[in-house]
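The primary structure of each chain is shown beneath.
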Amino acid sequence: MKTISENACFGGTQGVYSHASTACGCEMTFGLFLPEEARDGPVPVLWYLSGLTCTHENAMTKAGAQAWAAEHGIALVFPDTSPRGDDVADDEAYDLGKGAGFYVNATQDPWAPHFKMWDYIAEELPTLIGRNFEIDMDRQGITGHSMGGHGALTLAMNLPGRYASVSAFAPITNPTASDWGRKQLTAYLGPDEATWARHDATLLMADKGFDGPILIDQGASDQFLDLLKPEALAAAIASKRQQATFRMQPGYDHSYFFVSTFMEDHVAFHAEALYAK
């Protein structure tokens with residue numbers, strides 16, 4: 001692992017690190033905020049998964065999460081959204097290839113050799129971070145925005161017991177029924193829709209649910225509402241009688257202005273669950 005940068009931040013440290021990823025077969029970069037409390041021992045951790053076109057840097061610099069994480073003594077992990085490198089397959093469209101890993105393990109060419117973002121987020125990166133930093137891996141929460149909200153919800157429901165809490169900002173909630181999903185799932189996983197179900201938060205909610213609290217914020221003026229399909233997940237939550245808070249926020253769109261506005265609420269939500277564990 002290489003240290004790219006480390007900066008003092010709200011009494012703690014905002015670092016950026018890179019490492020050779022076995023899962024993705026390339027060099028991967030991630031951001032990690034450690035609060036002041038990490039100097040004295042392991043602290044809980046909140047994962048933030050970013051959306052389409054993003055890298056590790058977008059939320060790290062735009063979401064304003066470090067101030068609230070420092071207040072609660074929580075670490076933040078900002079992974080990248082896809083593999084990178086000259087030999088990594090890409091597409092001219094913004095919503096496929098680099099920056100658009102969709103948090104799945106690709107099985108189809110040309111994506112299969114590198115696009116193993118599920119294994120990277122679920123296994124490889126947590127192991128690396130747990131070994132190298134003062135992180136309490138028994139206390140994890142996960143959140144994300146858009147494609148990252150999709151990833152956060154699907155990881156949480158597929159890995160019972162891993163995360164104490166899950167939240168999302170404007171998540172892609174029903175990708176098997178959306179152009180933000182059907183295109184990518186076909187490309188990465190193939191045409192057999194049976195392989196898609198474990199990557200659809202609405203289908204997972206109807207089938208499994210989540211053993212813990214959920215918080216979702218969705219901008220009512222989001223320009224991508226028809227692609228995100230929040231009503232599908234809301235209906236599944238109601239049908240499942242899932243412990244969840246689903247808030248439509250009037251006037252807010254899909255931008256990081258929206259994310260940063262409600263970030264304080266999300267960090268506090270996760271802090272309550274993490275410190276109760």
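Scroll up for the structure.
The structure contained in this document is the topic of the report that follows. (Residues numbered from 1 in each chain as written. Predicted model: local features only at pLDDT ≥ 70, side-chain atom pairs only at ≥ 80, totals over all residues. Heavy atoms only, no water.)

Before going further, it helps to examine helix H5 (residues 179-189). Taken together, the buried positions of H5 are occupied by Trp180, Gly181, Gln184, Leu185, Ala187, Tyr188 and Leu189. Considered in projection along H5, the buried side chains sweep an arc of 165° and stay on one side of the axis. Summarising the contacts, the buried residues of H5 are in contact with helix H7 (225-228). Between the side-chain oxygen at the start of H5 and the backbone nitrogen of tryptophan 180 there is a gap of 3.0 Å, and the oxygen is on serine 178. Downstream of H5 by a residue or two, glycine 190 has a phi angle that is positive, lying close to 95°. (Buried < 20%, exposed > 50% of the residue type's maximum accessible area, 1.4 Å probe, protein only. Helix = DSSP H or I, 4+ residues; strand = E, 2+ residues; numbered from the N terminus. Arc of directions from axis to C-beta. Contact = heavy atoms within 4.5 Å. Polar contact = N/O pair within 3.5 Å; in protein donor to acceptor, adjacent residues only side chain to side chain.)

Within the element layout of this structure, aspartate 222 appears in the loop between strand E8 (214-219) and H7. There is no salt bridge for the buried aspartate 222, and the closest opposite charge comes from lysine 229, which lies 13 Å off by N-O distance. Separated by 2.7 Å, the side chain of aspartate 222 and the backbone nitrogen of phenylalanine 224 make a polar contact. Not counting residues up to four positions away in its chain, the partners in contact with aspartate 222 are Ala170, Leu228, Tyr252, Asp253 and His254. (Lys, Arg positive; Asp, Glu negative; His and termini not counted. Salt bridge = Lys/Arg side-chain N within 4 Å of Asp/Glu carboxyl O.)

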